[in-house]
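# Architecture at a glance
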Amino acid sequence: MMKELRLDKYLTEMGEGTRSQIKEMARKGRILVDGITEKRAERKIDPEQHQVSVDGRPVSYVRNEYYMLNKPQGVVSATEDSRYETVVSLIRSRKRDDLFPVGRLDIDTEGLLLITNDGDLAHQLLSPKKHVDKVYFAQVLGELPPDAKERIEEGLVLSDGTPTLPAHLEVLRQGKEEMPSEIRLTIREGKFHQVKRMFETLGCRVIYLKRMSMGILVLDEALMPGEYRPLSEEEIRELKSHGNTLRAYL
Ligand code: URA
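Computed from a prediction, not measured in an experiment: that's the story for all the values here.

### A few points about the sheet that holds strand β5 (residues 52-54)
A sheet is described by the order of its strands in space; here four strands give the open sequence β3-β2-β5-β6, paired in antiparallel fashion. One side of each edge strand has no neighbouring strand; the edge strands of this open sheet are β3 (36-37) and β6 (57-58). Sheet analysis places strand β2 (residues 31-33) next to β3, joined by two bridges and oriented antiparallel. Along β3, the bridge assignment pairs L32 with T37.

Encoded structure:
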């Protein structure tokens, strides 16, 4: 049996209105449970047993939602913002109103972002102790020092004295002059502007940044920036059981 919850909570979580609006709707006889008018908004519902409808429209209950978003530039990793569009508002087919991004990407960073309302999973993935590895693709201006790989693998010290854990660098294309280098970097933590600051320490500048993966979760190549899809059952299961498995390079 799924945990029971109040009818007003059920409908509020599914975005049907505020608690007081639901109460009013119930009072007016607009809500049915198993085909029978239910006027008590506080009535307990078992989402697996009961059929709830509003104005004749069935409203099923979804406890957790999980979406993979290819975050576009210009959108902030937040649930609300007064100036910019948020990553959560891009998930147009969401059912719940309590979704949030698991971690943050800068406004000008693209790529993989998990959007969910599963706080336990978010905690597992973000906990610094778990060392979930994140793989980034970047274009970098300025000449990479010849010992860049070794320095990154030993762990850099950022300009403000913050040490970073050992990470892994692959140079995909060595740039020169105006042509940026292309790299893949795997890090196990998520300090503020970490990738950009690591390259600053090496005397370079990140001009394009995209997250490719987080733990076992890999950005779906079919998703253009701004597009999203629900995670598969298998992805959800794997994330929960070993979200912190090292993906490849460390
Ligand atoms: N590192 C950064 O500098 N920015 C991001 O958005 C993610 C990692």
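### A closer look at the nonpolar core
Core analysis: the biggest nonpolar cluster contains 31 residues, and I115, I152, I183, L185, V195, M198 and F199 have the highest contact counts within it. Mapped by element, the contributors of at least two residues to this core are β7 (66-71), β9 (110-116), β10 (134-141), α4 (148-154), β12 (181-187), α5 (194-201) and β13 (205-214). Split by domain, this core shows at least three residues from each of two domains, domain 2 (66-127 + 222-241) and domain 3 (134-214). The next biggest cluster of nonpolar side chains, apart from the first, holds 17 residues, and it includes M68, I216, I236 and L239.

### Some remarks on the pairing of β13
Note that β9 and β13 share two bridges and pair parallel. Residue pairing across strands places G111 opposite R211, the latter belonging to β13. One ladder, built from eight bridges, connects β10 with β13; its direction is antiparallel. Pairing of L141 across the sheet is with R205, part of β13. Pairing of β13 with strand β14 (residues 217-218) involves two bridges; the strand directions are antiparallel. In the strand pairing of β14, M214 is matched with L217. Hairpin connection of β13 to β14: two residues between the antiparallel strands, including G215 at a positive phi of 55 degrees.

### Points about the site of the ligand
Neighbouring the ligand are the residues L105, D106, T109, Y136, H193, Q194, V195, K196 and L209. D106 is positioned with one of its side-chain polar atoms (N or O) 2.7 Å from a nitrogen atom of the ligand. Here a nitrogen atom of the ligand and a backbone polar atom of V195 are 3.1 Å apart. Protein contacts shield 95% of the accessible area of the ligand, which totals 240 Å² for the unbound molecule. Among the elements that take part in the shell around the ligand, α5 stands out by supplying three residues, more than any other. For the shell around the ligand, the per-class residue count stands at four nonpolar, three polar and two charged. In terms of domain composition, the shell around the ligand takes at least three residues from each of domain 2 (66-127 + 222-241) and domain 3 (134-214).

### A look at the pattern of salt bridges
Applying the stated rule across the entire model yields 21 salt bridges. Salt-bridge contacts for E13 lead to R96; the nearest nitrogen and oxygen are separated by 2.8 Å. Here R96 lies in the loop between β7 and β8 (100-101) and E13 lies in helix α1 (residues 7-13), a separation of 83 residues in the sequence. Accessibility assignment for this pair places E13 and R96 in one class, buried. Two residues, R197 and D160, come together in a salt bridge whose shortest N-O distance is 3.0 Å.

### Some thoughts on the domain arrangement of the protein chain
Think of interface size as the accessible area that goes away when the parts come together; that is how it is often given. Domain annotation of the protein chain identifies domain 1 (5-58), domain 2 (66-127 + 222-241) and domain 3 (134-214). Put simply, the middle of domain 2 and the middle of domain 3, counted by C-alpha atoms, are 24 Å apart. Taken together, the contact pairs twelve residues of domain 2 with ten residues of domain 3. Looking at the side of domain 2 facing domain 3, the largest losses of area belong to D106, E110 and L112, adding up to 48% of the total buried there. Where domain 2 touches domain 3, the interface holds two salt bridges. Residue D108 is joined to K196 by a salt bridge in which the shortest nitrogen-to-oxygen separation is 2.7 Å. Linking domain 2 with domain 3 are seven residue pairs in polar contact (both at pLDDT 80 or more), by the criterion used here.

About the thresholds
Every chain is numbered on its own, with residues counted from 1 as its sequence reads. Selection of residues for local features in this predicted model requires a pLDDT of at least 70, selection of side-chain atom pairs for listing and counting requires 80 or more, and totals for whole chains, interfaces and linings are taken over all residues. Each side-chain value is derived from all of the structure's non-hydrogen atoms; neither hydrogens nor water enter the calculation. Think of it this way: DSSP has to see at least two bridges between two strands before they count as a pair. Starting at the N terminus, helices and strands are each numbered in turn, a helix being any DSSP run of H or I of at least four residues and a strand any DSSP run of E of at least two. We define a nonpolar core as any set of buried Ala, Val, Leu, Ile, Met, Phe, Trp, Tyr and Cys residues linked to one another through side-chain atoms lying within 4.5 Å. Burial classification: accessible surface area is computed with a 1.4 Å probe over protein chains only, and a residue below 20% of its type maximum counts as buried, one above 50% as exposed, and the rest as partly exposed. Either an automatic procedure or a domain database provided the assignment from which the domain bounds are taken. Think of it this way: one heavy atom of a residue within 4 Å of a molecule or strand is enough to make that residue near it. Polar contacts, as used here, are pairs of N or O atoms within 3.5 Å; protein pairs need one atom able to donate a hydrogen and one able to accept it. Residues neighboring in sequence count only if both atoms are side-chain atoms. Note on areas: these come from Shrake-Rupley sampling with a 1.4 Å probe, and a residue is covered only by the protein chains present in the view. Ten residues, namely Ala, Val, Leu, Ile, Met, Phe, Trp, Tyr, Cys and Pro, are considered nonpolar, four, namely Asp, Glu, Lys and Arg, are considered charged, and the remaining ones, Gly among them, are considered polar. When a carboxyl oxygen of Asp or Glu is within 4 Å of a side-chain nitrogen of Lys or Arg, the pair counts as a salt bridge. Here a residue-residue contact requires only that any non-hydrogen atoms of the pair lie within 4.5 Å. Joining two parts hides part of their accessible area as seen by a 1.4 Å probe, and the buried area is that hidden amount summed over both.

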